[in-house]
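Fold and geometry: a report
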Amino acid sequence: MSVVSSRWVTTLGAVCCLVIVTGCAVTGQDGQAARSCNVLNGATVPAASIGLATRGATVTATAYQPAVSASPKSHEGYCKVLGDIAPVDPQAPAIKFQLNLPANWNGKSLMIGGGGYNGVPAKTTDLLPAGPVSKPDPIGLGYATYGSDSGHQLADDPANPGKFALNQEALKNFAYEALKKTHDTAQYLIAGHYGKRPQLKYFAGGSTGGREALAVIQKWPDDFNGVIALYPAFAAASLDLQFGRITRALAQPGAYPNQQKRDVLYKAGMQACDGLDGVKDGLISNQRQCNRIFDPARRP
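All residue numbers refer to positions counted from 1 along the written sequence of the respective chain. Per-residue local features are limited, in this predicted model, to residues with pLDDT of at least 70; the limit for side-chain atom pairs, both in listing and counting, is 80 or more; totals at the level of whole chains, interfaces and linings are taken over all residues. Calculation of side-chain values draws on the structure's entire complement of heavy atoms; hydrogens and water are dropped beforehand.

**Digging into the pattern of salt bridges**
Salt bridges are counted wherever a side-chain nitrogen of Lys or Arg sits within 4 Å of a carboxyl oxygen of Asp or Glu. Under the defined criterion, the tally for this structure stands at seven salt bridges. The closest approach of N and O atoms between K181 and E169, which form a salt bridge, is 3.9 Å. Relative accessible area decides the class of each residue, using a 1.4 Å probe on protein chains only: under 20% of the type maximum gives buried, over 50% gives exposed, and in between gives partly exposed. For E169, a relative accessible area of 13% puts it in the buried group. Its salt-bridge partner being K180, residue D223 comes within 2.9 Å of it at the nearest N-O pair. In this pair, D223 is assigned in the loop between helix 4 (208-219) and strand 8 (226-230) and K180 in helix 3 (residues 168-194), connecting sequence segments 43 residues apart. For D223, a relative accessible area of 11% translates into the label buried. Think of it this way: any DSSP run of H or I at least four residues long counts as a helix, any run of E at least two long counts as a strand, and we number them from the N terminus.

Structure below.
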């Protein structure tokens, strides 16, 4: 395993010796990768290596995941790394992150955004958001992938998913700060594992992840070489009010359209708007013009 500092050698060397003493009987490339993965367990990231205020980060668990050959989630083995980024405020929740380190690394990293109000780890082992299902997942393409829960845990109080916002540090973490903290932590661990930093770094996400993609490229443009920002969710307060209005309307007796009514609405929308982009292909691509000319509430 390549290392980047004498401190890293000292910290991780003791763990490596422990792995050998306990008789980890694995050989070949997978065995070497598994040993390197075990070495990361318990590793720390100093607060000075994270661009925003924290009390540093700690790897809490590692597990080597063997190769998968079933398409589309096909990849070589990788090291699954879980950890916590400690808040400055002891009353604030930790930022829980996951980092996946492929045995055959392509020299690049990909941060994955979250969804909704977060509170659960980002889906760092899935296919690329809105990407082709015929291609391997990012780990299968050799990317080191990572993401976090943005600094609060939904499982702690699922009936009150927004309660975390009563803590100022947790609120700032959800808004944008956890993105920087997670990025810096992951980059430190990637460099320690492979002996060098990624040549190219990307971010991908949709909805809340799309908002996060826009946030990182605006606030820390030097941290990423490119982002994929899909259907970014912003103006959350207005969005929630609209959800409430729609929910109350559809809760009225007989208000929710049955399958037959939905079919009529679908066909009417397609008839009015499918060709607005110049091609009738079963897709409404010119949504803005469709909104101008098609009103479902108006009878023809």
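**Things to note about the state of the cysteines**
The definition used for a disulfide is geometric: two cysteine sulfur atoms within 2.5 Å. All told, the structure shown has two disulfides when counted by the stated rule. Covalent S-S linkage joins C37 and C79, the inter-sulfur distance amounting to 2.1 Å. Because the torsion about its S-S bond is 75 degrees, the bridge between C37 and C79 counts as right-handed. On the criterion of sequence distance, the pair formed by C37 in helix 2 (residues 28-40) and C79 in strand 3 (residues 78-85) is long-range, its members being 42 residues apart. We classify C37 as buried; its relative accessible area is 0%. Classification of C79 as buried rests on a relative accessible area of 1%. With a sulfur-sulfur separation of 2.0 Å, C273 is cross-linked through a disulfide to C290.

**Section: the confidence of the model for the chain**
Model confidence for the chain is summarised by a mean pLDDT of 87, while 88% of its residues fall at 70 or above. As a per-residue measure, pLDDT reflects the predictor's confidence and takes values from 0 up to 100. We call two residues contacting when some pair of their heavy atoms lies within 4.5 Å. Every residue in residues 1-27 scores below 50 in pLDDT, and together they form 39 contacts with partners more than four places removed in sequence or on other chains.

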